[in-house]
Amino acid sequence: MQLTQTQTAPMHRRRSLTDVQIQVLFIAPTIILLVLWNIFPLFYSLYLSFTEFSVIKPDVPPAWIGLQNYNKLLNDPRIWQYFALTGRYVVTTVALQAIIGFGLALFLRERFKGSGLVTTLILIPIMMSPVVIGLFWKLIYNPAFGIFNYLIGYSVPNSGPDWLGEASRALWAIIIVDVWMWSPFVMLLCLSGLKAIPDYLYEAAAIDRASPWFQFWRITLPQVAPLLLIAILFRTIEAFKTFDLVMGLTGGGPGDSTELIAVYLYRAAFTRFTTGESSALAYIILVIVIAVSNLYVRSLNRIRGEQ
Amino acid sequence: MTRKLGLLTLGLTAALIAGCAAPATPAAPAAPAAPAEQPTAAPAAPAGGVTELTIWWAEWDPANYLQELANDYEKEKGIKVNVVQEPWGTYYNKVSAEWAAKGTGYDMVVGDSQWLGQAATQGHYLDLTDFMKEKGLDKTVTPATLLYYGTYDGKYWAFPTEGDALGWAYRKDLFEDPAEKEAFKAKYGYELGVPKDLLQLRDIAEFFTRPEKNLYGIAVYTQKDYDAITMGAQNFIFNFGADWKNDKFEVEGVLNTEPAVKALELYRELYTKFMPPGLSNAFFQEMNDAFISGQVAMITNYFAFFPALVNPQTNPNYYDKVGFFATPPGPGGAQFASLGGQGISVNAYISPERQQAAKDFIEWFASKPVQEKWAALGGYTCNIEVLNSDTFKKATPYNPAFAETMNFVKDFWNIPEFGDLLVVSQRELSKYIVEGQGTAKEALDNIAREHTEILKRAGYLK
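Residues numbered from 1 in each chain as written. Chains lettered and ligands numbered in written order. Predicted model: local features only at pLDDT ≥ 70, side-chain atom pairs only at ≥ 80, totals over all residues.

1. Overview of the overall build of chain B
Each helix and strand counted, chain B has 19 helices and 13 strands in total. Counting across all 462 residues of chain B, residues that qualify as buried make up 52%. The long-range fraction of contacts in chain B, counting pairs at least 24 apart against all pairs at least 6 apart in sequence, stands at 74%. (Helix = DSSP H or I, 4+ residues; strand = E, 2+ residues; numbered from the N terminus. Buried ≥ 20, exposed ≤ 12 C-beta atoms within 10 Å, placed from the backbone. Contact = placed C-beta atoms within 7 Å.)

Encoded structure:
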């Protein structure tokens, strides 16, 4: 009899948990991890951005200096130079990815023999590690034996430009690699949008003798626009953070011709170990990314409202 | 939908800042090591009850050699020594995180010479001055290695362990070819051979530059990522008679001088005229690759990377046609070589018993028989007697040049602010040498100005 009581007791306890308690139990580990790994560092680094602090000087506690880090950064012409460079990079690479990705999606919307294979092959760059891609393209760009110059018409080795060694070309070299890598991502999202457009819209337009251009402008583009904008939003945020490709290809050089803001942030945080200042810079980047993202979200809502 | 997208945006940006911001919490100290197995032999009882020691080092062959020595130490003394290796790219981050936590994850660390100032002034390393003097360890290594691998502010903080510096490799088959020698003498008026100074180095680089045959004269460091272009160019700055600073830490008028201008102009000339194209961001791997592919007649590299050049597996075409020489002096006779390599230090945060056990290990490691074995395994000893021995010099083709170089190594800044100073030199040297922006004088003026500002902020200059 006693044995039966001890056996049934835990079952009673389990039954006494409410649905909400069970939900909390399931969610708690994730919440704890999020707080420890994301929320706490987020707010702690905000605090550090108002201090003079170096993480490698444990005996020197963070000293509150108010807005001095922000003031210093925002008055440093070099930072603005790197922001301008990053802006140019982001606009160019995202615009090219949107155009090429959308174009590829239009091409692959029509089923043809081998279209599945072609789609898979186009998607391969997304699946590769950026570090591997950096090393890979370094060889491709090599003016002595790389294939890139050969493909653009320089058949004699060493007669073409040194893409990674010339300041005027180095940023373009990185843009080309980023576009090659991420246009398939834009294509993928656009393709799913294109395939969701009902055929009857085109059939109705055809009956009204609408031109292909009119159909594209009034049916295809508006229907795909929300997904295209989401792709652009993702790619813009990612492009602002571009680090690995730069380090793999140019290391920020020659000089500082490819010193994007994320690369500069890395140097501030992990070469100079100016933790307070680098936290402030990270927050400046955060504010800019939020502002840009907000513009996209507003555009997206306007498009959805029109629909 | 607006709300959801807003949240999505916020989440993504939060991830961005979490990724970009510096680490907010120091890494926790490594877990205590597992108890050592009892040695089967009957070595002397471990001092202070310490049965296991941990050494941190970067992940490369010398760390494996050190582990082999450590196994001998366990057999002799009964104390197990583990050499824990970390990839080079994250090694400094790992050690600095441990410093930030005042951690006891390691007992000894084989650290870069540039870390000395930071580790000494911030209390991470144990002061080894009395210990090294009392045991006579300071007399066993070359003065230059003791100064740069072990000394900061007049005190010893590390025992020179793995000597390394920039040296040069050259194609003996080209240099010793009678037709090449004749043509060279006809053009330059002196015998082709190992360059006697940096101006001869330039002539030889020019002579062997034949783009139509995909052969170039030279390859030097140009990488901007960490410290490569600074290490490469400072060889020339030092040997032309300039320096980063004087004894009072003054930079203006010491660095931005005519000899340094000449040095940088020569370095840029080597890069633009006599180096294979495509090496605009080149470090040790690119140097060896250029040599192994037969593209260049000479390369500079750290001695630690020369074994690959004499290995038939990694250099099948030229492994038996490679010679080595020390960095030649400048036109005025000054001769230095950029320092690589590391010294072994003791963690200041471990218990006195463990510190004593670590010192005992260093004393054992510094003894001549162990240093001889260290060199035989492939470690680059700094021990004077071993370096000067015929056995060492005949052991590999690069050892004579290495032994010679260990007498005139010289380092970049090693004060705690070296990271700040390095970022400036890397940027400005890359701008002038690789990008071709401005003049050598402007690059040096910019470095001198910014270095002076950093030194003033840090209190070294008024």
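2. What about the overall build of chain A?
A count of helical and extended segments in chain A gives 13 helices and two strands. Computed over its C-alpha atoms, the radius of gyration of chain A comes to 26 Å, more than 25% above the 19 Å expected for a compact globule of 307 residues. Counting only C-alpha atoms and orienting by the principal axes, one finds that chain A spans roughly 85 × 60 × 40 Å. The buried share among the 307 residues of chain A stands at 36%. (Rg over C-alpha atoms; globule rule 2.2 N^0.38 Å.)

3. A closer look at the domain arrangement of chain B
All names here are of chain B. Domain annotation of chain B identifies domain 1 (42-164 + 340-410) and domain 2 (166-338 + 417-458). Computed over C-alpha atoms only, the centres of domain 1 and domain 2 are separated by 29 Å. Contacts between domain 1 and domain 2 engage 16 residues on the former and 18 residues on the latter. Going through the elements one at a time, helix H17 (399-405) and strand E13 (409-410) are the ones with two or more residues in the side of domain 1 that touches domain 2. (Domains from an automatic or database assignment.)

4. Considering the packing of helix H5 (residues 115-127) of chain A against helix H8 (residues 167-195) of chain A
The relative placement of two packed helices is expressed as an angle between their axes plus a distance between the axes. Residues and elements named next belong to chain A. As a packed pair, H5 and H8 sit with axes 7 Å apart at the nearest point and diverge in direction by 120°. By the criterion of interaxial angle, the relationship of H5 to H8 is oblique. Both H5 and H8 take part in a crossing whose hand is left-handed. Contacts between H5 and H8 involve Ile122, Leu123, Pro125 and Ile126 from the former and Trp180, Met181, Trp182, Pro184, Phe185, Met187 and Leu188 from the latter. Tallied by class, the residues present in the contact of H5 with H8 amount to 11 nonpolar, no polar and no charged. (Axes fitted to C-alpha atoms, helices over the stretch in contact; angles between N-to-C directions. Parallel < 35°, antiparallel > 145°, perpendicular 65-115°, else oblique. Left-handed = near helix turned anticlockwise from the far one by under 90°. Nonpolar A, V, L, I, M, F, W, Y, C, P; charged D, E, K, R; others polar.)

5. Quick word on the pairing of strand E9 (residues 296-302) of chain B
Looking along a regular strand, one sees side chains alternate from face to face of the sheet. Residue and element names in this part refer to chain B. Among the seven residues that make up E9, seven are buried, leaving the element largely enclosed by the rest of the structure. Strand direction decides the pairing type here: strand E7 (residues 166-171) and E9, joined by five bridges, are antiparallel. Across the sheet, residue Gly167 finds its bridge partner in E9, namely Asn301. Across three bridges, the pairing between strand E8 (residues 216-219) and E9 is parallel. Across the sheet, Ala219 pairs through a bridge with Ile299, a residue of E9. (Pairing = 2+ DSSP bridges.)

6. What to know about the nonpolar core
Counting 145 residues, the largest nonpolar core has B:Ile55, B:Ala169, B:Ile218, B:Ala219, B:Leu264, B:Tyr267 and B:Met298 as its most contacted members. For this core, the element with the highest residue contribution is helix H11 (residues 258-274) of chain B, accounting for nine residues. Excluding anything up to four places from it in sequence, B:Ala219 contacts B:Met275, B:Pro276, B:Leu279, B:Ala282, B:Met287, B:Ala290, B:Val296 and B:Ile299. In terms of nonpolar packing, the next biggest core, distinct from the first, is built from 61 residues, A:Ala239, A:Leu265, A:Tyr283 and A:Val297 among them. (Core = buried A, V, L, I, M, F, W, Y, C linked by C-beta atoms within 7 Å.)

7. Describing the interface of chain A and chain B
Tallying the contact residues gives 53 residues for chain A and 45 residues for chain B. Breaking the side of chain A that touches chain B down by element, the ones donating at least two residues are helix H2 (19-48), helix H12 (261-270) and helix H13 (275-306) of chain A. Among the elements that line the side of chain A that touches chain B, the one with the most residues is H13(A), at 15 residues. Its residues assigned to classes, the side of chain A that touches chain B comprises 27 nonpolar, 18 polar and eight charged.

8. A few points about the sheet that holds strand E10 (residues 322-326) of chain B
Residues and elements named next belong to chain B. With mixed pairing, the four strands of this open sheet are ordered in space as E8-E9-E7-E10. Two strands lie at the open edges of the sheet, namely E8 and E10, each paired on one side alone. With direction set aside, neighbouring strand axes in the sheet form an average angle of 20°.

9. Here's the deal with the packing of helix H9 (residues 198-207) of chain B against H11(B)
Residue and element names in this part refer to chain B. Following both chains from N to C, one finds H9 and H11 inclined at 10°, their axes separated by 10 Å at the closest point. Looking at the two axes, H9 sits roughly parallel to H11. Counted together, Leu198, Arg202, Ala205 and Glu206 of H9 and Leu266, Glu269, Leu270 and Phe274 of H11 form the full contact between these two elements.

10. Describing the sheet that holds strand E6 (residues 159-162) of chain B
All names here are of chain B. One open sheet accounts for five strands, arranged E2-E1-E3-E12-E6; its pairing is mixed. Each edge of the open sheet is held by one strand with a lone partner, namely strand E2 (80-86) and E6. Averaged over all adjacent pairs, the angle separating strand axes in this sheet is 30°, with direction ignored. As paired elements, strand E1 (residues 52-58) and strand E3 (residues 108-112) share two bridges and run parallel to each other. Its bridge partner being in E3, Ile55 is matched across the sheet by Met108. Helix H6 (residues 143-150) rests against E6 and strand E12 (342-346) of the sheet, and its axis sits at about 95° to E6.

11. Brief notes about H11(B)
The α-helix winds at 3.6 residues per turn, so residues separated by three or four positions along the chain end up facing the same way. Residue and element names in this part refer to chain B. Across its 17 residues, H11 extends 23 Å between first and last C-alpha, which sits within 8% of the 24 Å expected from 1.5 Å per residue. Every buried residue of H11 is accounted for by Ala260, Val261, Lys262, Ala263, Leu264, Leu266, Tyr267, Leu270, Tyr271 and Phe274. Contacts from the buried residues of H11 go to H9, E8, helix H10 (228-239), helix H18 (418-435) and helix H19 (440-458). (Expected span 1.5 Å × (residues − 1).)

12. Description of the domain arrangement of chain A
Segmenting chain A into domains produces domain 1 (2-48) and domain 2 (76-306). Averaged C-alpha coordinates put domain 1 of chain A and domain 2 of chain A at centres separated by 41 Å.

13. Notes on the confidence of the model for chain A
When the pLDDT values of chain A are averaged, the result is 90; 94% of them are 70 or greater. Predicted confidence is poor over residues 1-6 of chain A, with pLDDT under 50, and the contacts of this stretch with residues over four places away or in other chains come to zero contacts. (pLDDT = per-residue confidence, 0-100.)

14. Thoughts on the environment of B:Ala205
Here B:Ala205 lies in helix H9. Beyond its immediate chain neighbours, meaning those up to four positions away, B:Ala205 contacts B:Gly217, B:Ile218, B:Leu270, B:Phe274 and B:Met298.

15. Some details on unusual backbone geometry
Note the cis peptide between A:Gly253 and A:Pro254, where omega equals -5°. Here the phi dihedral of B:Lys102 falls at roughly 50°; this positive angle occurs in a residue that is not glycine. In this fold, B:Lys102 is placed in the loop between helix H3 (88-100) and E3. Since 15 C-beta atoms lie within 10 Å of it, B:Lys102 is described here as partly exposed.

16. Regarding helix H12 (residues 284-292) of chain B
All names here are of chain B. Within H12, the full set of buried residues consists of Glu286, Met287, Asn288, Ala290, Phe291 and Ile292. Turning to H12, the residues buried within the fold contact E7, E8 and E9. Phi turns positive, to about 80°, at Gly294, one or two residues after H12.

17. Details of the environment of B:Lys441
Residues and elements named next belong to chain B. Here Lys441 is to be found in helix H19. Once the C-alpha coordinates of Lys441 and Thr257 are considered, the two residues, 184 residues apart in sequence, prove to be 7.8 Å apart. Residues within four places of Lys441 in sequence aside, it is in contact with Asn256 and Val261.

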